[in-house]
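Working through the structure, step by step
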Amino acid sequence: MADSVLFIAIDFGTSSSGYAFSLNTKQQQDQILVSSWISVAGHRTPKTPTCILFNENQTFMHFGYEALQTYTLTTPRDEAQRLYLFENFKMELYGKEIHRELMLTAKNGAQMKALKVFSESLRYLKNHVLDSIAANTSERKFTASDVTWVLTIPAIWSPAAKQFMRESAIEAGLVTETEPERLIIALEPEAASVHCKQLPSEGFIVEYSNEEKLENDPGTQYMVVDCGGGTIDITVHEVVEGGNLKELHAASGNGMGGEAVDRKFISFLKKIFSEEVFVEFEQEHPAQSLKMRNEFSVLKMCDGPVLLTCPLKLQEIASKKQNLESYFVCAEGAKWEGGEIKIEKMLLRSFFDDSIKATAESVRDVLRSNSELNIEYILLVGGYAECKILRDFLKEQFGSKHKILCPSEAQKVILKGAVLYGKKPEVIKSRISSLTYGVSTCEKFNESIHKGKSTFVNSLGQVFCDVCFKQLVSREESVLCDELRAFTFFPTDTQQKSMTFKFYSTLRQNVRFVDEQKLKQIGSLIVGLPESYRDMNREVSLQIKFGSTEMQATAIDVDSKETNSVKLEFMNTS
């Protein structure tokens, strides 16, 4: 909102989270400040781990580095086992059925409501940023209602996941239900795109830019590959007049982000030391286990060989079974070197294999999907893009035909771009629908069309087919972000007081009935029908905005001219 005093963006990531903000004043409107956190090792980082800790009564204790440190230093271990620690839980919203009763499993095996875990995380980040701003501004103290909040999410998330995040933000006190416009949902690769298109050449890693920068001339096409901890998120943009952007290909990607590399690393350790030895080490000595994981997260930015410190407690447990050197006798690509594990270049690269191959295939799918695309640049952003092995592989695969660019502050570009997007969301002019969307409707039964389909009879004895599909927008269709699509509906009975529409999506482009294969019900909406003397001639115009990051609907009773916002319910759709 242009009249907001303050714009705050929260990048709630799978591995790490942070925020950025900008005061909306003449002196400071171009200045974007990014959060700074102190790690356990004492280093400053732009993000803190996405970890949250609750006590045994499910009361919030800590978030980020403090959560990890408190958990790992809690003794004895049986007391730590009563605490609820959640890590990397954002991925629970990817590719899964989402509802308000969704439960998450903590490190101790106990469960809590996902809505509470997410909302308490957002509440902490909200309070942290407001406290940080208050500590540095003596003239005014800001409250959440002074802010336009921008919350970043993967572009490939479902409508249900987007709704879940909005409801979590409301529960956390970022915004109220009466002022939903003060929360803007931003798509992560779009936010990165908005920021990077204004960067000078020195804003990119020289090794990958060759002193290039992302051109801002109309007609320039580029791909954004957002390499996060959980997901790989891909969009394609073209610069249009005024430096604005239009989407050329529907958002795509996969769930093989940087965490996939970490999982391979842990599998390697279990293979070396045995599952039994390593699980005992993790359970009994979480502080050293965490330190080892953190060390690997730094080492994986290199291209090998690397030396990884083997924790003393892991050495003690392993040495009870056999001599430490003997664990590595048949270990291809790894050696024991007096308290350290030497990981050769090829072995380190093998941890990346599944992830980088999946990423390259996702990029390749986009490039070959449309022969009319003329993509000049491939832009790599996100924390995982800081890994040289990933960057080198993508340059090797695509560098001969496309200019590969990676910003020098890959972790910060989404945060800064989200602030810019919050100030000017109209910078994204259009998007491509990734699915065909429609609603179930009723049509008067026609034997030649509806034979064998479900029917119902109204109070007048008229027979309707009640599984017809009304297509609202088609897969791969370009939709303007501010475009309203209007659809007219009529009741099917004289006594009808409301219309209920079930919302469906599908990859198919030509659908006639909702009981066909490969259709999925993803939501519902209810439109009230005011009292009218026109019986079944009452006309309701349903207007839906498909181009925005969240679908928005408005219902207009044509007789009374009464207009109501209609909530699209994407959770609890059964």
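Keep in mind that what you see is a predicted model, and the values were worked out from it rather than measured.

Calculation notes
Note that residues are indexed from 1 along each chain, following the sequence as it is written. Residue-level local features of this predicted model are given only where pLDDT is at least 70; pairs of side-chain atoms are given and counted only at 80 or more, and the full residue set underlies all totals for whole chains, interfaces and linings. Side-chain metrics in this entry use all non-hydrogen atoms of the structure; hydrogen atoms and water are not considered. A run of DSSP states H or I qualifies as a helix once it reaches four residues; a run of E qualifies as a strand once it reaches two. Both are numbered from the N-terminal end. For every residue, the accessible area obtained with a 1.4 Å probe (protein chains only) is divided by the maximum for its type, and the residue is called buried under 20%, exposed over 50%, and partly exposed between those limits. The contact criterion used is simple: two residues touch if any of their non-hydrogen atoms lie within 4.5 Å. In this description, accessible areas are obtained by the Shrake-Rupley approach with a 1.4 Å probe, and a residue is regarded as covered only by the protein chains that are shown. Only four residue types enter the charge count: Lys and Arg as positive, Asp and Glu as negative, with His and the chain ends excluded. By convention, the charge on Lys lies at NZ, on Arg at CZ, on Asp at CG and on Glu at CD. Note on disulfides: each one is a pair of cysteine sulfur atoms within 2.5 Å. When DSSP locates at least two bridges between a pair of strands, those strands are taken to pair. Whenever a helix is involved, its axis is fitted only over the stretch in contact; in every case the axis is a line through C-alpha atoms, and angles between N-to-C directions fall within 0 to 180 degrees. Directions from the helix axis toward the C-beta atoms define the arc. Any pair of Phe, Tyr and Trp rings, taking the six-membered ring for Trp, is counted once the centres come within 6.5 Å. Such a pair is stacked with planes under 30 degrees apart, edge-to-face with planes over 60 apart, and tilted for the rest. In this scheme, the term charge over a ring applies when either NZ of a lysine or CZ of an arginine sits within 6 Å of the ring centre and within 35 degrees of the ring normal. By definition in this entry, angles of less than 35 degrees are roughly parallel, angles greater than 145 are roughly antiparallel, angles of 65 to 115 are roughly perpendicular, and the rest are oblique. Residues are grouped as follows: nonpolar covers Ala, Val, Leu, Ile, Met, Phe, Trp, Tyr, Cys and Pro; charged covers Asp, Glu, Lys and Arg; every other residue, Gly included, is treated as polar. Take a side-chain nitrogen of Lys or Arg and a carboxyl oxygen of Asp or Glu: if they are within 4 Å of each other, that pair is a salt bridge. The criterion is simple. A nonpolar core is a set of buried Ala, Val, Leu, Ile, Met, Phe, Trp, Tyr and Cys residues joined through side-chain atoms within 4.5 Å.

Some remarks on the overall build of the chain
Each helix and strand counted, the chain has 14 helices and 32 strands in total. Viewed in the frame of its principal axes, the chain has a C-alpha envelope of about 90 × 60 × 55 Å. When burial is assessed residue by residue, the chain has 52% of its 574 residues classed as buried. Across the chain, the fraction of contacts at a sequence separation of at least 24, relative to all contacts at a separation of at least 6, is 68%. Accessible surface, the chain: about 26,000 Å² in total, of which carbon and sulfur atoms supply 48%. Positive and negative charge centroids in the chain, built from 66 and 77 side chains respectively, lie 1 Å apart.

Details of the state of the cysteines
Counted under the stated rule, the structure contains 0 disulfides. Residue Cys196 stays outside any disulfide, its sulfur separated by 8.6 Å from that of Cys406, the closest cysteine. Given a relative accessible area of 0%, Cys196 falls into the buried group. The cysteine Cys310 is free of any disulfide, with Cys330 supplying the nearest cysteine sulfur at 18 Å.

Re the sheet that holds strand β7 (residues 51-54)
Pairing in this open sheet of 3 strands is antiparallel, and the strands run β8-β7-β9 from one edge to the other. At either end of the open sheet lies a strand with only one pairing partner, and these are β8 (60-63) and β9 (84-87). Geometrically, the sheet is characterised by an average inter-axis angle of 15° between neighbouring strands, direction not taken into account. Inspection of the sheet shows β7 paired to β9 by 4 bridges, in the antiparallel sense. Counterpart to Cys51 in the pairing with β9 is Glu87.

Some details on the environment of Met91
Its place among the elements puts Met91 in the loop between β9 and β10 (103-105). Look past the residues within four positions of Met91 in its chain and what remains in contact with it is Thr14, Lys96, Gly230, Thr231 and Gly255.

Thoughts on helix α8 (residues 275-284)
Every buried residue belonging to α8 is among Val277, Phe278, Phe281 and Glu282, and all of these are buried. For α8, the angular spread of the buried residues around the axis is 130°, confining them to a single face. Buried residues belonging to α8 abut α7 (258-273), α9 (286-299) and α10 (312-319).

Remarks on the packing of aromatic side chains
According to the stated counting rule, one finds 23 aromatic pairs in the structure shown. Among the aromatic residues, those joined into a ring-pair cluster are Phe54, Phe60, Phe63, Phe86 and Tyr124. Directly above the aromatic system of Trp157 lies the positively charged group of Lys90, at a separation of 5.4 Å from the ring centroid.

Some remarks on the packing of α7 against α8
Interhelical geometry of α7 versus α8 gives an angle of 120° and a closest axis separation of 6 Å. The angle between the axes of α7 and α8 places the two elements in the oblique class. Contact residues: α7 offers Ile266, Leu269, Lys270 and Phe273, while α8 offers Glu275, Val277, Phe278 and Glu282. Of the residues assigned to the contact of α7 with α8, the class counts are 5 nonpolar, no polar and 3 charged.

Remarks on unusual backbone geometry
Notably, Gln58 is not glycine yet its phi reads approximately 65°, a positive angle. In this structure, Glu476 takes a positive phi of about 70° despite not being glycine. Within the fold, Glu476 resides in the loop between β25 (463-473) and β26 (478-480).

Remarks on the pairing of β8
Here 3 bridges tie β7 to β8, and the two strands are oriented antiparallel to one another. Looking at β8, one finds that Ile52 is bridged to Phe63. Where β7 folds back on β8, the antiparallel hairpin that results is connected by 5 residues, among which Gln58 adopts a positive phi of roughly 65°.

Notes on the environment of Asp30
Here Asp30 lies in the loop between β2 (16-23) and β3 (33-34). For Asp30, a relative accessible area of 74% translates into the label exposed. Measuring from C-alpha to C-alpha, the distance between Asp30 and Tyr65 comes to 30 Å, with 35 residues separating the pair along the chain.

So, α10
Restricting attention to buried positions, one finds in α10 the residues Leu314, Gln315, Ile317 and Ala318. Contact partners of the buried residues in α10: α7, α8, α9 and β18 (334-336).

A short note on the pattern of salt bridges
Using the criterion set out here, one finds 34 salt bridges in the structure. Lys96 serves as the salt-bridge partner of Glu92, at 2.9 Å between the closest nitrogen and oxygen. In this structure, Glu275 engages Lys270 in a salt bridge whose closest nitrogen and oxygen atoms are separated by 3.8 Å.

Considering the sheet that holds strand β22 (residues 428-432)
Strand order in the open sheet formed by 7 strands is β21-β20-β14-β15-β16-β22-β26, with mixed pairing between adjacent strands. For this open sheet the edge positions go to β21 (403-405) and β26, each flanked by a neighbour on one side alone. With direction set aside, neighbouring strand axes in the sheet form an average angle of 25°. Note: strand β15 (residues 232-239) against strand β16 (residues 245-254), 7 bridges, orientation antiparallel. Within β16, the residue paired with Val236 across the bridge is His249. In this fold helix α5 (residues 188-196) packs onto β14 (221-227), β15, β16, β20 (377-381) and β22, with an angle of close to 125° to the strand it touches most, β14.

Considering the nonpolar core
Among the nonpolar cores identified, the biggest contains 74 residues, and Phe86, Trp149, Met165, Phe503 and Phe546 are the most heavily contacted of them. For this core, the element with the most residues is helix α3 (residues 114-136), which contributes 10 residues. One finds Ile343, Leu348, Ala385 and Cys406 within the second-largest nonpolar core, a separate group that totals 57 residues.

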